[in-house]
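Analysis of the macromolecular model
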Amino acid sequence: MLLEVENIAVHYGKIAALKGVSLQVDSGEIVALIGANGAGKTTTLKTISGLRPLTAGRISFDGKDISRMPGHRRVVVGIGQAPEGRGIFPGMSVQENLLMGSYARKRFNKEAELAEVYELFPRLAERKTQAGGTMSGGEQQMLAIGRALMAKPKVLLLDEPSMGLAPILVNQIFSIISEINRRGTTVLLVEQNATQALQLADRAYVLETGRVVKSAPAHDLLSDPEVQAAYLGGDLDTEVGADGP
Ligand code: ATP
């Protein structure tokens, strides 16, 4: 098992955002985490990457307990994250942003890493010198993923990579994630776009208000009537959004 999350609880002040979440990710898998707004998906990823402390439970990575390891060490042991909202450095060029991703890794060939990221994302190669902050939303998403890859992670944590993107770019991002996985990186993916996430993933977990309520092979969840009713009504979501308060 590459990553094992055992019964973790996480609080924001007195509010319990996670109430005992367990999940496992095997080497080579794509695992999706789906659920409604506020279910705790982002918190789960942030706790795995060390940005939030856990109040109970345990996280193991590559056989070691990392529950109390600082976030910058987790990057070094192989946990990479492309955060929700991207978090790129707006005043730095695309290439400088990418190089920031590898700062923690002293002993490897940055040129080779850059070449691989530019091969995955030709758009970034065309725009090496452009300021990160002037890139489009989709380009910034690619940059955030590329930057995470620069640390050569064993597992890549992706938080809503399709958020805010036009449908054609959503397809592109999903096919790039599949290619990243094919090249050997394990992926843990948080997505609101549940249909596409389940089509891409090997397995998935469904989170509801801080708890895992289902876990199964992704294809089984695609045909699960409860999951369909709650999460796969893509067109309904749009209508609710348009008519909502
Ligand atoms: P979304 O899809 O809307 O991003 P999510 O499933 O990623 O949702 P989280 O962002 O993990 O959910 O939030 C889980 C719960 O923790 C929510 O109830 C949220 O309001 C709460 N929460 C998240 N961040 C904070 C914070 N900084 N302070 C207080 N409460 C927070």
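Summary of the structure given here. Treat the numbers as computed from the prediction; the structure is a model and nothing was measured. (Residues numbered from 1 in each chain as written. Predicted model: local features only at pLDDT ≥ 70, side-chain atom pairs only at ≥ 80, totals over all residues. Heavy atoms only, no water.)

Points about the pairing of strand S10 (residues 211-217)
Spelled out, the test is: Two strands form a pair only when DSSP identifies at least two bridges running between them. A run of DSSP states H or I qualifies as a helix once it reaches four residues; a run of E qualifies as a strand once it reaches two. Both are numbered from the N-terminal end.
Taken together, the six bridges between strand S9 (residues 203-208) and S10 define a ladder with antiparallel strand orientation. Across the sheet, residue Ala204 finds its bridge partner in S10, namely Ala216. Here S9 hands over to S10 after two residues, with Thr209 in that stretch at a positive phi of 35°.

Some words on the site of the ligand
Test applied: Whether a residue is near a molecule or strand is decided by its heavy atoms; if any one of them lies within 4 Å of it, the residue is near. In protein, a polar contact requires one atom able to donate a hydrogen and another able to accept it; more generally it is a pair of N or O atoms within 3.5 Å, and residues adjacent in sequence count only if both atoms are side-chain atoms. In this description, accessible areas are obtained by the Shrake-Rupley approach with a 1.4 Å probe, and a residue is regarded as covered only by the protein chains that are shown. Residue classes follow a fixed rule: Ala, Val, Leu, Ile, Met, Phe, Trp, Tyr, Cys and Pro count as nonpolar, while Asp, Glu, Lys and Arg count as charged, and any other residue, Gly among them, counts as polar.
Around the ligand, the surrounding shell holds 13 residues, and the nearest of these are Gly38, Gly40, Lys41, Thr42 and Thr43. Residue Asn37 places a side-chain N or O atom 3.0 Å away from an oxygen atom belonging to the ligand. Backbone polar atom of Lys41 to an oxygen atom of the ligand: 2.8 Å apart, as the coordinates give it. A total of 630 Å² of accessible area belongs to the ligand in isolation, and the protein chains cover 61% of it. It is helix H1 (residues 41-49) that contributes the most residues to the shell around the ligand, three residues altogether. Among the residues making up the shell around the ligand, the classes are represented as four nonpolar, six polar and three charged.

So, the sheet that holds strand S4 (residues 56-61)
Strand pairing within a sheet occurs via backbone hydrogen bonds; the two strands may be parallel or antiparallel. In spatial order, the strands read S2-S1-S4-S5; together these four strands make up an open sheet with antiparallel pairing. The open sheet has two edge strands with one neighbour each: strand S2 (15-25) and strand S5 (64-65). Relative to S2, strand S1 (residues 3-12) is paired through eight bridges, and the arrangement is antiparallel. In the strand pairing of S2, Val5 is matched with Leu23.

Observations concerning the nonpolar core
As a reminder of what qualifies: We define the nonpolar core as a collection of buried residues of types Ala, Val, Leu, Ile, Met, Phe, Trp, Tyr and Cys that are connected through side-chain atoms lying within 4.5 Å of one another. The rule is simple: take the accessible area with a 1.4 Å probe, protein chains only, and divide by the maximum for that residue type; under 20% is buried, over 50% is exposed, in between is partly exposed. Here a residue-residue contact requires only that any non-hydrogen atoms of the pair lie within 4.5 Å.
In this structure, Phe121, Leu124, Ile145 and Leu198 are the most contacted members of the largest nonpolar core, which totals 45 residues. Among residues more than four places away in sequence, those in contact with Leu124 are Val94, Val117, Tyr118, Met135, Glu139, Met142 and Leu143. Counting 25 residues, the second largest nonpolar core, distinct from the first, contains Leu23, Leu33, Ile48 and Ile66.

Looking at the sheet that holds S9
Selection rule: Between N-to-C directions, angles cover 0 to 180 degrees, with each direction set by a line fitted to C-alpha atoms, over the stretch in contact for helices.
Across the sheet, which stays open at both edges, the six strands sit in the order S6-S7-S8-S3-S9-S10 with mixed pairing between neighbours. With one partner strand each, in any of the chains shown, strand S6 (79-82) and S10 form the two edges of the open sheet. Direction aside, the axes of adjacent strands within the sheet are offset by 20° on average. In the sheet, strand S7 (residues 155-159) pairs with strand S8 (residues 186-190) via five bridges, with the strands oriented parallel. Note that in S8 the partner of Leu157 across the bridge is Leu188. Here H1 sits on the sheet in contact with strand S3 (30-35), S6, S7, S8 and S9, set at roughly 150° to S7.

What about the packing of helix H6 (residues 137-149) against helix H7 (residues 167-182)?
Short version of the rule: An angle below 35 degrees is read as roughly parallel, one above 145 as roughly antiparallel, one from 65 to 115 as roughly perpendicular, and any other as oblique.
The geometry of H6 relative to H7 is characterised by a closest axis approach of 11 Å and an angle of 10° between their N-to-C directions. By the angle between their axes, H6 is roughly parallel relative to H7. Contacts between H6 and H7 involve Gly138, Gln141, Met142, Ile145 and Leu149 from the first element and Leu169, Gln172, Ile173 and Ile180 from the second. Among the residues forming the contact of H6 with H7, the class breakdown is six nonpolar, three polar and no charged.

Remarks on the layout of surface pockets
The criterion, for reference: Using a 1 Å grid laid over the protein atoms alone, points where a 1.4 Å probe fits but cannot get out form a cavity; open sets with protein on both sides within 12 Å along at least 5 of 7 lines form a pocket; any residue with an atom within 4 Å of a point counts as lining. Grid points are joined across faces, edges and corners, and a volume is the space filled by probe spheres set on the points.
Of the pockets and cavities examined, the largest pocket occupies roughly 390 Å³. Every residue lining the largest pocket is counted, 17 residues in all, and those nearest its centre are Val75, Ile79, Gly80, Gln81 and Tyr103. Secondary structure elements with two or more residues in the lining of the largest pocket: helix H2 (71-77), S6 and H6. In terms of residue class, the lining of the largest pocket is built from ten nonpolar, six polar and one charged.

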